[in-house]
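Remarks on the overall topology
One letter stands for each residue in the lines below.
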Amino acid sequence: MPLITLTTDFGTADGYVGTMKGVILGICPDAAIVDLSHGIPPQNTKAAAFLLAASHGYFPKGTVHVVVVDPGVGTDRRAIAVRTREHFFVAPDNGVLSLVLSPETVVEIVHLTNPDFWLPRVSKTFHGRDIFAPVGAHLANGVEIGDLGGPIRHQGDLVACHLSEPQLLPGGSVKAEVVYIDRFGNLITNLPAKWSGEGDAEFVVASIPGNSANPVLGRCRFHAEVMGRVILRLCRSYGEVDPGELIALVGSAGYLEIAVCCGNASRMLGAEFGTEVIIHPNSR
Amino acid sequence: MPLITLTTDFGTADGYVGTMKGVILGICPDAAIVDLSHGIPPQNTKAAAFLLAASHGYFPKGTVHVVVVDPGVGTDRRAIAVRTREHFFVAPDNGVLSLVLSPETVVEIVHLTNPDFWLPRVSKTFHGRDIFAPVGAHLANGVEIGDLGGPIRHQGDLVACHLSEPQLLPGGSVKAEVVYIDRFGNLITNLPAKWSGEGDAEFVVASIPGNSANPVLGRCRFHAEVMGRVILRLCRSYGEVDPGELIALVGSAGYLEIAVCCGNASRMLGAEFGTEVIIHPNSR
Amino acid sequence: MPLITLTTDFGTADGYVGTMKGVILGICPDAAIVDLSHGIPPQNTKAAAFLLAASHGYFPKGTVHVVVVDPGVGTDRRAIAVRTREHFFVAPDNGVLSLVLSPETVVEIVHLTNPDFWLPRVSKTFHGRDIFAPVGAHLANGVEIGDLGGPIRHQGDLVACHLSEPQLLPGGSVKAEVVYIDRFGNLITNLPAKWSGEGDAEFVVASIPGNSANPVLGRCRFHAEVMGRVILRLCRSYGEVDPGELIALVGSAGYLEIAVCCGNASRMLGAEFGTEVIIHPNSR
């Protein structure tokens, strides 16, 4: 069964998403449609890029991901479709795909210029309904991506979305920042991290993109600073400490995260998108 | 695959919608179910009527639209099913279907009186689960609408939902009002409008229902007043101006709309459902 | 078509639910997935238990219910799967299934210990994605529940969720409390109740779990006290009285409920989860 995901900033109250699904099912009646999120903060292409990066890898090969966070709808920003080794992506060319595309995975990029695959009447304000949904449905039906428009030869020609990256400070500390806050108030930073070692000897290895440094965060010798508060515990899971305690952990998308057991770290700390998080590795 | 849409004021947190889907899939296991909206403001039949009117036309022929915004559940208000040339509708007879039914499209209307197509036990408080969901599922299964209850011969016998209509003022201005506010804070008015002309000569033609007047809004000679603010720009798309600028445009449902580029017009202006919008056409 | 329901406290904005669906459809591509709720208050296992109890009976035989309200994720709390006469359930062993399992219905319980049915890499923070979703999908595919892990012989070995129960007071009154508040602000109590009789002679029979007493609430001789307000009307439906009037009624899940016609009882009364409701039966 063809599988299409939708990621938008439309919310679900206004019928915009339902209308897109009507268009999709009119073209590809046996499509399974999965809502990845419709709660992207309005016009926040970075949040959409982050969420798509964390989620798309869990979908089966051949999935068509339609992303409509599109403040430039109706202007001359391009609409694009991309085929990677595993998936298809349909989106405005405004950076929302930046974090899922890489030279190793991209097979083909087209500029959506062929109106044969759009609705007959195209508005200036709702390309999700008029262009992106029908194009996604045609891809799910097996239409060749090359038929959808003219080729874009180089990934570098696409608009990029620059997420801030963590920086290594003199002395070995790392300056990261909050790039996503979820429903639980967990503060997800831009610092990629993963557990290594075992038992008492386990530790977290962080990585600084574009830098060969791999700071090591020792489980029992670590601290982080956020909004003037010091966090001393590096945990495996939210429930490892007492309710109300602030901890750092490696979140499910593979980034260092600040959380509070059975509570809301964002509210407790007053932290927001962009809030600075300083990490002191202290080694093992 | 049979297609059923759901439009309710139930929200999605309480399990009411999920329960309706369980009932539907028990009767029609291969139904595709699309959520049109569950965020209709509680008991707001007008908002439901507007949203359904804007969305239903994008669904394929044969779609069954189930609408449960039903403050009179359990009283003697009727439950109805309607077959139009293209679709089926199942709803309480309280006006929610007013804007999608017309003498030209309605083929058959029935009063839902046949309990063979309901759940065995019918509560007084949740007909969405006990009557509307099973009836919708049976229609999706191909049950004849005439089997569901007694005929209602005339559309005029149904309860009507009176949306306010725009008025032509002496001097040629138009008094419209806000009939829907979406997640982005866009103020959708009750003034039908569409673009005409091309390039520098393009303009918007409005229409006053029940009146032959068609005020013309010139792109460069137009202004609107909302909450004491004057809006001078009539744009094709949200992104045509600088962030923060107030504009008017023709929204995706075909109505004049007040918006702010990358912002929230409702919050910026303090506008609400029913807020007056005065439009001065000024011609071309 | 295999049917899977999802009940979580994840919200729908962050992509967690969409990711679980990607995992499910990768394993069981023809599954129909129904969202029962993703708006469970964070970590509120009691609300999840209540909602699941009210809803699951409306799903067809063989449905797989996946429940992820899981404050103990990554700790040593067990993950379980349960087969009842009608359905399957997959959840953490933290009480969320308490209200749907009974000695009469439970056929088999297993502790999820077999990683063959999990994702290859299991995080410590998102078992919804890594364990519960794939296990649910394998069950929907027809995998034997006994293959998923070791048997748990007795239902009594599971963690129980203790909802407060209504108490019979000296004199025959009943002390109930609010156990759920829905989107409309309706206050759902823990007092099971149903209508009996007919016409002018109709009345409500309440039941006190674990007690043979069945207080009878006469339609015209009844009052309830909530937050210092007295409610005199026992109604069949929300719309039976004038807008704004406070009433008691039997809600769609079979519990006594306090509501206000076309309004929000929770806001009007300042009532919350746990608010006391005293019912004076007064007989017929």
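Placed above this text is the structure.
Residues numbered from 1 in each chain as written. Chains lettered and ligands numbered in written order. Predicted model: local features only at pLDDT ≥ 70, side-chain atom pairs only at ≥ 80, totals over all residues. Heavy atoms only, no water.

A look at the overall build of chain A
Counting its regular elements, chain A contains four helices and 18 strands. The globule rule puts the C-alpha radius of gyration for 284 residues at 19 Å, and the 21 Å found for chain A is close to it. In chain A, buried positions account for 56% of the 284 residues. Across chain A, every contact between residues at least 6 apart in sequence was considered, and the portion connecting residues at least 24 apart equals 62%. Positive and negative side-chain charges of chain A, numbering 21 and 28 respectively, have mean locations separated by a distance of 1 Å. (Helix = DSSP H or I, 4+ residues; strand = E, 2+ residues; numbered from the N terminus. Rg over C-alpha atoms; globule rule 2.2 N^0.38 Å. Buried < 20%, exposed > 50% of the residue type's maximum accessible area, 1.4 Å probe, protein only. Contact = heavy atoms within 4.5 Å. Lys, Arg positive; Asp, Glu negative; His and termini not counted. Charge placed at Lys NZ, Arg CZ, Asp CG, Glu CD.)

Examining the sheet that holds strand E4 (residues 79-84) of chain C
Residues and elements named next belong to chain C. Reading across from one edge, E2-E1-E3-E5-E4-E6-E7 is the order of the seven strands in this open sheet, with mixed pairing throughout. Edge positions in the open sheet fall to strand E2 (32-37) and strand E7 (149-151), since each of these has one partner strand only. Neighbouring strand axes in the sheet, compared pairwise and without regard to direction, differ in orientation by 25 degrees on average. Pairing analysis gives three bridges linking strand E3 (residues 64-68) to strand E5 (residues 88-92), with the strands arranged parallel. Its bridge partner lying in E5, Val-66 is registered against Val-90. Contacting strand E1 (3-8), E2, E3 and E5, helix H2 (residues 45-55) crosses the sheet at an angle of about 125 degrees to E2. (Pairing = 2+ DSSP bridges. Axes fitted to C-alpha atoms, helices over the stretch in contact; angles between N-to-C directions.)

A short note on the nonpolar core
Core analysis: the largest hydrophobic core is formed by 61 residues, its most contacted members being A:Val66, A:Val90, A:Leu112, A:Leu139, A:Leu148 and B:Leu97. Element by element, the count of residues in this core is highest for helix H3 (residues 127-140) of chain A, at seven residues. When sequence neighbours within four positions are dropped, the list of residues in contact with A:Leu112 reads A:Ala79, A:Ile80, A:Ala81, A:Val90, A:Trp118, A:Ile131, A:Phe132, A:Val135 and A:Leu148. (Core = buried A, V, L, I, M, F, W, Y, C linked by side-chain atoms within 4.5 Å.)

Looking at the relation of the copies chain A and chain C
Of the transformation placing chain A onto chain C, the axial shift is 0.0 Å and the rotation is 120 degrees, giving an RMSD of 0.0 Å. Given the turn and translation reported, the copies of this chain are related as if by a three-fold rotation axis. Within chain A, A:Ala32 has its C-alpha nearest the rotation axis, a separation of 4.9 Å. With a heterologous cut-off of 20% or less, the 7% of interface residues of chain A that recur at the interface of chain C puts this contact in the heterologous class. (Least-squares fit on C-alpha atoms with pLDDT ≥ 70 in both.)

Examining the environment of B:Ala133
All names here are of chain B. Mapped onto the elements of the fold, Ala-133 is located in helix H3 (residues 127-140). Its relative accessible area of 0% is what places Ala-133 among the buried residues. Through-space distance from the C-alpha of Ala-133 to that of Ile-24 is 5.7 Å; in sequence the pair is 109 residues apart. In this view, Ala-133 contacts Met-20, Val-23, Ile-24, His-127 and Gly-128; residues no more than four positions away in its chain are not counted.

Concerning the interface of chain A and chain C
Contact residues are listed per partner, giving 30 residues for chain A and 33 residues for chain C. When chain A packs against chain C, close to 2,300 Å² is buried across both sides, 59% of that on carbon and sulfur atoms. When residues of chain A are sorted by the area they lose upon contact with chain C, A:Tyr58, A:Arg183 and A:Phe184 head the list and together hold 30% of the total. For the pair chain A and chain C, the number of links is zero salt bridges. (Buried area = accessible area lost by both parts, 1.4 Å probe. Salt bridge = Lys/Arg side-chain N within 4 Å of Asp/Glu carboxyl O.)

Topic: the interface of chain C and chain B
Taken residue by residue, the interface counts 30 residues in chain C and 33 residues in chain B. Across the interface of chain C and chain B, roughly 2,300 Å² is buried in total on both sides, 60% from carbon and sulfur atoms. Per-residue buried area on chain C facing chain B is highest for C:Tyr58, C:Arg183 and C:Phe184; these three make up 30% of the total on that side. Linking chain C with chain B are 13 residue pairs in polar contact (both at pLDDT 80 or more), by the criterion used here. Contributions of two or more residues to the side of chain C that touches chain B are made by E2, H2, strand E9 (174-181) and strand E16 (246-250) of chain C. (Polar contact = N/O pair within 3.5 Å; in protein donor to acceptor, adjacent residues only side chain to side chain.)

Topic: the pairing of strand E16 (residues 246-250) of chain B
Residues and elements named next belong to chain B. Counting buried residues in E16 gives five out of five residues, a clear majority hidden from the surface. Residue alternation in E16 divides its side chains into two sets, Leu-246, Ala-248 and Val-250 and Ile-247 and Leu-249, and both sets are buried. Relative to E16, strand E15 (residues 234-235) runs parallel, the two sharing two bridges. Across the sheet, the residue bridging to Leu-234 is Ala-248, located in E16. Sheet topology places E16 next to strand E17 (residues 255-260); five bridges connect them, and they run antiparallel. Paired with Ala-248 across the strands is Ile-258, a residue of E17.

As for the sheet that holds strand E5 (residues 88-92) of chain A
Residue and element names in this part refer to chain A. With mixed pairing, seven strands are arranged side by side in an open sheet as E2-E1-E3-E5-E4-E6-E7. Of all the strands in the sheet, the pair left with one neighbour each is strand E2 (32-37) and strand E7 (149-151). Sheet twist, expressed as the average angle between the axes of neighbouring strands with direction ignored, equals 25 degrees.

Here's the deal with the packing of helix H1 (residues 16-27) of chain C against helix H3 (residues 127-140) of chain C
Residue and element names in this part refer to chain C. Two elements in contact, H1 and H3, have axes whose closest approach is 8 Å; the angle formed by their N-to-C orientations is 40 degrees. H3 is crossed by H1, and the crossing has right-handed handedness. Side by side, H1 and H3 meet where Thr-19, Met-20, Val-23, Ile-24 and Ile-27 of the first sit next to Gly-128, Arg-129, Ala-133, Pro-134, Ala-137 and His-138 of the second. Of the residues that constitute the contact of H1 with H3, the class distribution is seven nonpolar, three polar and one charged. (Left-handed = near helix turned anticlockwise from the far one by under 90°. Nonpolar A, V, L, I, M, F, W, Y, C, P; charged D, E, K, R; others polar.)

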